[in-house]
Amino acid sequence: PPQWAGLSGAQIGRLRIARKNKIRFQWQLDQYRAIAFSTYVGGTKNVSNVQSRFNMPKQPLKQGTLEASYILGGGDPFAPTKEVTPGIISAVPYDQSSKITTSPTGRRRDLANWITQPNNSLSARVMVNRIWQEHFGKGIAGNANNFGATGKKPTHPDLLDWLATQFIKQQWSIKALHRIIMNSEAYRRSSQHPKAKTLAQKDPHSKLYARFTERRLSAEELRDSMLACSGELNPEMGGIPIRPDINLEAALQPRLVMGTLAPSYQPNAKPEQRNRRTVYAKVIRGLRDPFMETFNQPSPNQSCEARNSSTVTPQVFSLFNSEESYDRSLAFAHHLLQQYQSRGDVINAAFYRVYGRPARASELKSCLDHWQTGEKKHLNLKIAVREIPIKIVQNAKEENTGESFQYTEYLEIYQDYIPDLQAADVDIKTRALADICLALFNSNEFVYIY
């Protein structure tokens with residue numbers, strides 16, 4: 001009988017989702033297994049599922065078909081034209097003795113050797129330009145993805161070549177290159193120039209590095225900085241990707257993946273797991289973190305030459321009104337009150353953490369007054385306990401029949417979820433101080449580097 005014989009459209013839809021979940025559980029388990037992802041060199045195997053795994057054959061070059069590479073007419077994979085062999089970029093000056101083998105084995109090694117050889121004029125300069133761009137907001141060569149004839153020419157070509165030479169001499173050490181750049185006068189200059197009007201006339205496009213150009217923290221830096229200030233940041237390195245908290249409405253929204261509904265996003269159950277550095281956060285292409293996206297985190301769907309740094313209204317709402325920001329502020333306030341007794345010491349410690357300086361007399365007075373006023377306000381407020389759902393009802397349509405149906409999705413991780421410190425867990429003194437901490441996180445002095 002047919003595969004779906006005797007089943008209604010709703011039953012078929014639920015069965016598809018159940019099968020997808022079985023695969024998902026296997027993928028989640030794989031994160032904790034020692035599985036090697038490697039490049040297969042050998043004849044093309046007949047694999048029914050592109051996601052299937054297979055063990056390396058004993059003689060991979062003697063099984064299957066060894067594929068050739070072709071220039072694709074109009075970019076159409078079904079219109080191969082001229083066959084091509086492995087090679088290196090002919091437009092880049094290099095030692096003509098460098099060759100890449102035509103044998104199926106050893107090509108990647110030969111390419112790596114060519115990329116990193118000292119007389120390759122491209123690799124070191126591209127890497128140096130990228131790192132310079134991260135420190136100054138713009139590269140010495142304007143187009144980080146384009147070092148060709150159509151790219152912008154370097155503003156300081158001799159500097160770019162010197163840094164590339166030093167990079168190679170230091171055994172391609174990125175840390176050593178950071179040290180050279182950050183010890184330079186250009187990097188250590190103030191963002192305020194003593195003759196600002198004269199500078200604006202002579203260098204309207206800020207090409208001369210006569211002052212340091214202020215920049216806003218990136219989305220990842222912003223999250224990590226708030227976690228560091230609040231004392232929640234887990235500095236552990238390595239490991240499997242983490243799943244931080246994101247906006248609950250975005251986390252539970254239905255998503256389509258490969259013809260069926262994807263499961264809802266669920267963060268790690270424990271704070272010490274999810275409050276690690278953002279560089280370890282798992283990126284899901286079909287579900288962006290709204291907070292990160294608002295602060296110009298690049299889309300994972302395409303290469304990002306240079307990040308945008310826009311200033312738009314949703315950033316105000318995200319940083320001032322989001323649960324993420326308030327959770328950090330509340331934890332920050334709780335952390336301060338555990339360490340200091342005097343209110344003046346608490347405020348000064350908060351300024352040191354956020355700004356790297358003590359509070360000025362006027363700032364100290366304003367914060368103390370606001371703290372006292374805030375306590376009176378919170379005295380009459382009733383704080384509701386935040387409820388975390390452990391199951392939700394999803395609406396869907398069967399992909400073949402279009403029939404609508406519902407199914408219950410159980411959020412298994414939320415059953416063991418330990419939330420960050422909540423407003424209902426602390427007294428009015430802590431909540432009132434959290435309002436001040438939130439204001440500090442929303443200030444330009446915290447969000448921008450000058």
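Notes on the structure follow. Given the structure is predicted, the values throughout are model-derived calculations rather than measurements.

Topic: the environment of L411
So, point 1. Its place among the elements puts L411 in the loop between β7 (404–410) and α16 (428–441).
So, point 2. With a relative accessible area of 0%, L411 lands in the buried category.
So, point 3. When sequence neighbours within four positions are dropped, the list of residues in contact with L411 reads L252, S264, Q266, P389, I390, K391 and I392.

Description of the pattern of salt bridges
So, point 1. Within this structure, the stated rule accounts for 22 salt bridges.
So, point 2. The partner of E232 in a salt bridge is R328, and the shortest N-O contact between them spans 2.6 Å. Linking E232 in the loop between α8 (219–230) and α9 (248–251) with R328 in helix α13 (residues 323–339), this pair joins segments that are 96 residues apart in sequence.
So, point 3. Taking the relative accessible area as the measure of exposure, E232 reaches 18% and is therefore buried.
So, point 4. Judged by relative accessible area, which is 1%, R328 ranks as buried.
So, point 5. Two residues, D420 and R274, come together in a salt bridge whose shortest N-O distance is 3.5 Å. Here D420, found in the loop between β7 and α16, pairs with R274, found in helix α10 (residues 271–274); they are 146 residues apart in sequence, far enough to count as distant.
So, point 6. Relative accessible area serves as the criterion here: at 5%, D420 is assigned to the buried category.
So, point 7. On the basis of relative accessible area, R274 is assigned to the buried category, the value being 0%.
So, point 8. Sharing partners across several salt bridges, the network here consists of E232, D245, R274, E324, R328 and D420.

As for helix α5 (residues 174–182)
So, point 1. Of all the residues in α5, the buried ones are A176, L177 and I181. With its buried residues spanning 135 degrees around the axis, α5 presents them on a single face.

Reading the values: rules and limits
- Residue positions are given per chain, counting from 1 as you read along its sequence in written order.
- Residues qualify for local features only when their pLDDT is at least 70, as the model is predicted, and side-chain atom pairs are given and counted only at 80 or more; totals for whole chains, interfaces and linings, by contrast, use all residues.
- Side-chain numbers here rest on the full set of heavy atoms in the structure, without hydrogens or water.
- Numbered from the N terminus, helices here are DSSP runs of H or I no shorter than four residues, and strands are runs of E no shorter than two.
- Note on classification: 1.4 Å probe, protein chains only; a residue is buried when its accessible area is under 20% of the maximum for its type, exposed when over 50%, partly exposed between these limits.
- The contact criterion used is simple: two residues touch if any of their non-hydrogen atoms lie within 4.5 Å.
- Every case where a carboxyl oxygen of Asp or Glu lies within 4 Å of a side-chain nitrogen of Lys or Arg is listed as a salt bridge.
- In this description, one arc is meant: the one made by directions from the helix axis to the C-beta atoms.

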